[in-house]
Amino acid sequence: MALKDKIHDDLTRVFMNHGHFAEWHTWNGRKFQCVTDDETALKRKNNNVVDLSWDNNTSETLVYTPVEGFPGRALPNEHVIFDNRPMKILQVQEDMGMYTILLMSNDPKAVSV
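Residues numbered from 1 in each chain as written. Predicted model: local features only at pLDDT ≥ 70, side-chain atom pairs only at ≥ 80, totals over all residues. Heavy atoms only, no water.

J.: Go over the pairing of strand β6 (residues 98-106) with me, naming the residues and quoting the values.
T.: Counting buried residues along β6, seven of its nine residues qualify, which places the element largely inside the surrounding structure. Of the strand pairs in this sheet, strand β3 (residues 58-66) and β6 are connected by nine bridges, and their pairing is antiparallel. The residue bridging Thr58 from the neighbouring strand is Asn106, located in β6. Sheet analysis places strand β5 (residues 85-95) next to β6, joined by seven bridges and oriented antiparallel. Bridge pairing links Gln93 to Thr100 in β6. Linkage of β5 to β6, two consecutive antiparallel strands, is achieved through a turn of two residues, within which Met96 is found at a positive phi near 55°. (Buried < 20%, exposed > 50% of the residue type's maximum accessible area, 1.4 Å probe, protein only. Helix = DSSP H or I, 4+ residues; strand = E, 2+ residues; numbered from the N terminus. Pairing = 2+ DSSP bridges.)

Okay, here's the thing in structure tokens:
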């Protein structure tokens, strides 16, 4: 079995398995499976440091999903509705049959006293 086939088998058997990591989400109203990662996106946003003292009222989410079965298209600077939230696509990377999509949403933060 070729390395590419082994990776594809592992992606569907483990990473995109609902018993392990994958969850159902919506993309422009269409249901699809993916793995989301807010922590990695936060580290990328704040230069690899988890620091909440600097915040520009945006939140970022990384979405990992198979290219096969993705419900639409993903192009940088397009606006989408991800889980009923308007978001902008910042980056799209395709590698070994998987999309890594960086989404940004404008989320005003509450002020605590």
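That covers the picture; the talk isn't over yet.
J.: Outline the pattern of salt bridges, listing residues and values.
T.: If the charged atoms of two oppositely charged side chains come close together, the side chains can form a pair. The final tally for this structure, using the stated rule, is one salt bridge. Salt-bridge contacts for Glu78 lead to Arg73; the nearest nitrogen and oxygen are separated by 2.4 Å. (Salt bridge = Lys/Arg side-chain N within 4 Å of Asp/Glu carboxyl O.)

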